[in-house]
There are 2 protein chains.
Amino acid sequence: MESTTETETKIIQAATEVFLEKGKDGARMQEIAQKADINKALLHYYFRSKDKLYETVFRERVFRFLDELFSSVPKTDDIETVLKEFTENYIDLISTHPELVRFILWEIRQGGQFMGDALKDIFEKHGFTKFPFLDKVQNAIQAGTIRSLDPLHLIISVIGVCVYPFIAQPLLEKAIPGIQISSANFLQKRKEEVFKLIWEGIQP
Amino acid sequence: MESTTETETKIIQAATEVFLEKGKDGARMQEIAQKADINKALLHYYFRSKDKLYETVFRERVFRFLDELFSSVPKTDDIETVLKEFTENYIDLISTHPELVRFILWEIRQGGQFMGDALKDIFEKHGFTKFPFLDKVQNAIQAGTIRSLDPLHLIISVIGVCVYPFIAQPLLEKAIPGIQISSANFLQKRKEEVFKLIWEGIQP
DNA sequence: GTCTATACATCGATAGAC
DNA sequence: GTCTATCGATGTATAGAC
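Residues numbered from 1 in each chain as written. Chains lettered and ligands numbered in written order. Predicted model: local features only at pLDDT ≥ 70, side-chain atom pairs only at ≥ 80, totals over all residues. Heavy atoms only, no water.

A.B. asks: Account for the overall build of chain A, with residues named and values stated.
C.D. replies: A tally of helices and strands in chain A yields 11 helices and 0 strands. Listed N to C, the secondary structure of chain A is α-α-α-α-α-α-α-α-α-α-α in terms of helices and strands. Along the first, second and third principal axes, the C-alpha atoms of chain A reach 65 × 45 × 25 Å. Split into buried and exposed, the 204 residues of chain A put 53% on the buried side. Just so you have it, chain A exposes about 9500 Å², and 48% of that area is on carbon and sulfur atoms. Taken together, the 26 basic and 30 acidic charged side chains of chain A have centroids lying 5 Å from each other. (Helix = DSSP H or I, 4+ residues; strand = E, 2+ residues; numbered from the N terminus. Buried < 20%, exposed > 50% of the residue type's maximum accessible area, 1.4 Å probe, protein only. Areas by Shrake-Rupley, 256 points an atom, 1.4 Å probe, with all protein chains shown as cover. Lys, Arg positive; Asp, Glu negative; His and termini not counted. Charge placed at Lys NZ, Arg CZ, Asp CG, Glu CD.)

A.B. asks: Describe the relation of the copies chain B and chain A, and please don't skip the residues or the numbers.
C.D. replies: You can overlay chain B on chain A at an RMSD of 0.1 Å; the transform is a turn of 180° with a shift of 0.0 Å along its axis. Expressed as an axis order, the relation between the two copies is that of a two-fold axis. For chain B, the smallest separation between a C-alpha atom and the rotation axis is recorded for Gly 201 of chain B, amounting to 1.8 Å. With an isologous cut-off of 70% or more, the 98% of interface residues of chain B that recur at the interface of chain A puts this contact in the isologous class. (Least-squares fit on C-alpha atoms with pLDDT ≥ 70 in both. Contact = heavy atoms within 4.5 Å.)

A.B. asks: Which residues make up the protein's contact with DNA strand C, and what values go with them?
C.D. replies: Neighbouring DNA strand C are 15 residues; Met 29, His 44 and Lys 50 of chain A together with Asn 39 and Tyr 46 of chain B lie closest to it. Restricting attention to atoms of DNA strand C within 4 Å of the protein, one finds that 68% of them are sugar or phosphate atoms. Interatomic distance of 3.4 Å between a side-chain N/O atom of Arg 28 of chain A and a sugar or linking oxygen of DNA strand C. At 3.1 Å from a phosphate oxygen of DNA strand C is found a main-chain nitrogen or oxygen belonging to Met 29 of chain A. Of all the secondary structure elements, the ones that give two or more residues to the surface near DNA strand C are α3 (40-46) of chain A together with α3 (40-46) of chain B. Top contributing element to the surface near DNA strand C by residue count: α3 of chain B, with 4 residues. Partitioned by chemical class, the residues of the surface near DNA strand C number 8 nonpolar, 4 polar and 3 charged. (Near = heavy atom within 4 Å. Polar contact = N/O pair within 3.5 Å; in protein donor to acceptor, adjacent residues only side chain to side chain. Nonpolar A, V, L, I, M, F, W, Y, C, P; charged D, E, K, R; others polar.)

A.B. asks: How would you explain unusual backbone geometry if you had to name every residue and give the values?
C.D. replies: Located in the positive-phi region is Asp 37 of chain A, a residue other than glycine, with phi close to 65°. In this structure, Asp 37 of chain A sits in the loop between α2 (29-36) and α3.

A.B. asks: Before we move on, can you summarise the packing of aromatic side chains with the specific residues and values?
C.D. replies: Within a pair of aromatic rings, the relevant descriptors are the distance that separates the centres and the angle that separates the planes. All names here are of chain A. The final tally for this structure, using the stated rule, is 27 aromatic pairs over all chains. Among the aromatic residues, ring-to-ring pairing joins Phe 19, Tyr 54, Phe 58, Phe 103 and Phe 114 into one connected group. The residue whose ring lies beneath Lys 84 is Phe 195, and the NZ or CZ to ring-centre distance is 4.6 Å. (Phe/Tyr/Trp six-rings, centres within 6.5 Å; stacked < 30°, edge-to-face > 60°. Lys NZ or Arg CZ within 6 Å of the ring centre and 35° of its normal.)

A.B. asks: Got a sec to walk through the side chain of Ser 72 of chain B? Specific residues and values, please.
C.D. replies: With respect to the helices, strands and loops of the structure, Ser 72 of chain B is situated in the loop between α4 (50-71) and α5 (79-96). With residues near it in sequence (within four places) discarded, Ser 72 of chain B still touches Phe 86 and Asn 89 of chain B.

Below, the structure is given as structure tokens:
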């Protein structure tokens, strides 16, 4: 339980902003210092290096995100409810943190070491041994509630249709005039269309 | 029709490698020069600056990719064939250039100026005024071949389920032991599962 | 066109006063 | 803890000989 000083908080806040906007390589310690209203030397006093600072920011931010994400997996076993609520919660969650999605992608691109660690931590915290969905899908198949399919591919697809619009947001908004990924209109419609597509797609 | 010298080709090749691996900010002119077996000065002789070199590499590489992508939209009007062939072609295309997908994401993150331009060029070259899919989906709905739905959301979903596994590849392979996104096994299975999910999901 | 040598800026990081 | 000043490394870019 280490107490976090006020300066430390200011630094983390500023660093988060800059890293999210510019990425690890593009970020400058000078800019972070300015934004935190201190000088560069203090950055190295609190965090030993740029790498350490980045790691701290990433872990803190992404852990909170993943924690929220995995908390949004419904507890019920009714597969229809599970899918409906998860897609809705997931889209809501991502639409609140669109920059974070692209931040994570950035890290993944560079090898994703920290991301792997964060995932492992979250799995442990929630006591998962595998993707929390898998069991419920498998059960539903055996019960005949949904058709026979590969649960892993279904999960990948579900995540994909939810997250892709935000990944490609700047692109979609350029390619498709009039579209506004973050608008309440689009999000509401997206939730409906996504669930309908998935649900109809897995009927027996 | 400017002719490209051998040295220029070597530079572009080396620069492509480095930019794809390290990103624009992470890339070093020194490394590019070494890989091209020349010295840094020549880089600035042929391309005025790092920015220009990056832009050249990006346009050339991404344009070819998009060109291939849009060429893979089937000509037929039979919506089942269109969807089946597009998903298969698209997954094949991406699996051949997984680094490129993440390269594009990188660019998108930073604003996606070049990406917008590339898209515009491709649209013009192919004479598109909008996403080539839209008409075919709309026609199929009116003909009653598929159920009523929002064509735009369907297209986003189709692209999403195809491309997401490659975007999240390093992550998925960490979170799901034993999975190999690039393996022939996974790709074959993915094509089948994706098409089945989509097709069943849009039946009347 | 291609090289060496170097200018010039900026980066991350540290030393040392307070 | 916080500052100023500065180091050493490295980056992009250019000058000038060949």
